[in-house]
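Examining the three-dimensional arrangement
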Amino acid sequence: MLPATFKLCAAISYRHLRNMTGLRRQAAVAISQELSKLACRGTGPSTWINQVRRRSSLLSSRLEEKPFSEMEMSYIKQGEEALQKSLSILGDQDGWKTETVVDNGDKVQSKVLPDVGKVFRLEVVVDQPLDTVYSELVDNMEQMGDWNPNVREVKILQKIGKDTVITHEKAAATPGNIVGPRDFVSVRCSKRRGSTCVLAGMSTKYGAMPEQEGFVRAENGPTCMILRPLPGSPSQTKLIWLLSIDLKGWLPKTIINQVLSQTQVDFANHLRERLARTVAVNC
């Protein structure tokens, strides 16, 4: 009985299970339940039983997931690409040049990459725990225009699974209208692994959001934020923000560099103020 059950489980692939309906779904669930019973009867289930139990349970749960369309899969892949490329950029410690250092320790660095252009890296410490920062930046992303003067609006256009969203962001004009209003259509991917969170994104095409009157459609990415508890101080969060933007239009590089580095410094300050107000209200 036991070897036969194992062979049956091993022969069922995820692709086949995903397409099962009706009796086949019931059969997959029955297999999972039977394996659980078999494991419970023994004094100590062997390694392969544990492996099959985990795999069977995973596949059974995935049967209930809504299949992604080809377009949705392309967005998911774009988000993953942005994440992997961003981490690769941040992982290379060579060639970074200091742009700004603030008295509180906030620091902006930059480097020029052959295939991307100039990218900026912000490193700050926020006096709030990771869960609070993550909730503000991910769960409440559409509220960013309420507390960040550099952002007019962030709107989620589509959610794809648990980790991927398509967004439309409207950026406010800079003081003196040196850089006029820009907007972005982006795919965003959020991953949380243990005590580290990565929020990545890049520009994408979305048919339901064509270019808007009064805005220059700019492009970003790869870009990401990495959040992790400050070592030795779990009530504080280390935030690293990789920023890569093509603002489009006719703008001198000196102005672009100044605007982008200042935007990162301003963001950190506005985020701190927002979190302080939110925590005070909830207390």
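Residues numbered from 1 in each chain as written. Predicted model: local features only at pLDDT ≥ 70, side-chain atom pairs only at ≥ 80, totals over all residues. Heavy atoms only, no water.

**Points about the environment of Asn104**
Structurally, the position occupied by Asn104 is in the loop between β1 (97-101) and β2 (107-113). A residue is classified by how much of its surface remains accessible, and Asn104, at 46% relative accessible area, is partly exposed. Filtering out sequence-adjacent residues up to four positions away, Asn104 remains in contact with Asn269 and Arg272. At 3.0 Å, the side chain of Asn104 and the backbone nitrogen of Asp106 are in polar contact. (Helix = DSSP H or I, 4+ residues; strand = E, 2+ residues; numbered from the N terminus. Buried < 20%, exposed > 50% of the residue type's maximum accessible area, 1.4 Å probe, protein only. Contact = heavy atoms within 4.5 Å. Polar contact = N/O pair within 3.5 Å; in protein donor to acceptor, adjacent residues only side chain to side chain.)

**Some details on the side chain of Ser233**
When you line up the elements, Ser233 lands in strand β11 (residues 233-243). Here Gln236 takes part through its side chain, which lies 2.9 Å from a polar atom of the side chain of Ser233.

**Regarding the environment of Glu81**
Its location among the elements puts Glu81 in helix α5 (residues 70-91). Along the chain, Glu81 and Gly201 lie 120 residues apart, while their C-alpha atoms are 8.7 Å from each other.

**Topic: the packing of aromatic side chains**
Any aromatic ring pair is given by two values, namely how distant the centres are and how the planes are angled relative to each other. Tallied over the entire structure, the rule returns 3 aromatic pairs. Measuring from ring centre to ring centre gives 6.0 Å for Trp147 and Phe267, while their planes differ by 45°; the resulting arrangement is tilted. With a gap of 120 residues between them, Trp147 in helix α7 (residues 144-147) and Phe267 in helix α8 (residues 253-282) connect regions that are remote in the sequence. Trp147 gets classed as buried once you look at its relative accessible area, which sits at 5%. Through a chain of ring-to-ring contacts, the aromatic side chains of Trp147, Trp241 and Phe267 assemble into a single cluster. (Phe/Tyr/Trp six-rings, centres within 6.5 Å; stacked < 30°, edge-to-face > 60°.)

**Re the side chain of Ser203**
Within the secondary structure, Ser203 sits in strand β7 (residues 196-203). Overall, the relative accessible area of 18% leaves Ser203 in the buried class. From its side chain, Ser203 meets the backbone nitrogen of Asn220 in a polar contact 2.7 Å long. Residues in contact with Ser203, not counting those within four places in the same chain, are Gln78, Val185, Ser186, Ala218, Glu219 and Asn220.

**Some points on unusual backbone geometry**
The amide bond that connects Gly221 to the next residue, Pro222, takes the cis arrangement and shows omega of 0°. Turning to its location among the elements, Pro222 is positioned in the loop between β9 (219-220) and β10 (223-230). Of note in this structure, Lys248 is not a glycine but carries a positive phi near 60°. On the secondary structure map, Lys248 appears in the loop between β12 (245-246) and α8.

**A word on the packing of helix α6 (residues 130-139) against α8**
To describe two helices that pack against each other, one gives the angle between their axes and the distance between the axes. It is at 11 Å that the axes of α6 and α8 come closest, and there the two elements cross at 110°. One way to sum up the angle between α6 and α8 is to call them roughly perpendicular. From α6, Thr132, Val133, Glu136 and Leu137 reach across to α8, where they touch Phe267, Leu271, Arg274, Leu275, Thr278 and Val279. Here the contact of α6 with α8 is built from residues that sort into 6 nonpolar, 2 polar and 2 charged. (Axes fitted to C-alpha atoms, helices over the stretch in contact; angles between N-to-C directions. Parallel < 35°, antiparallel > 145°, perpendicular 65-115°, else oblique. Nonpolar A, V, L, I, M, F, W, Y, C, P; charged D, E, K, R; others polar.)

**As for α5**
Compared with an ideal rise of 1.5 Å per residue, which puts 22 residues at 32 Å, α5 spans 31 Å between its outermost C-alpha atoms and is within 8% of the ideal. Three or more residues of α5 are buried, namely Glu72, Tyr75, Ile76, Gly79, Ala82, Leu83, Ser86, Ile89 and Leu90. Taken around the axis of α5, the buried residues stretch over an arc of 155°, which confines them to a single face. Seen from the open side of α5, the exposed residues pointing more than 90 degrees away from its buried face are Glu70, Lys77, Ser88 and Gly91. (Expected span 1.5 Å × (residues − 1). Arc of directions from axis to C-beta.)

**So, the confidence of the model for the chain**
On average, the chain scores 81 in pLDDT, and the residues at 70 or more come to 76%. Residue range residues 27-31 is modelled with pLDDT below 50. Its contacts to residues more than four positions away, or to other chains, number 9 contacts. This model gives residues 37-64 a pLDDT under 50, and the stretch forms 32 contacts once residues within four places in sequence are excluded. (pLDDT = per-residue confidence, 0-100.)

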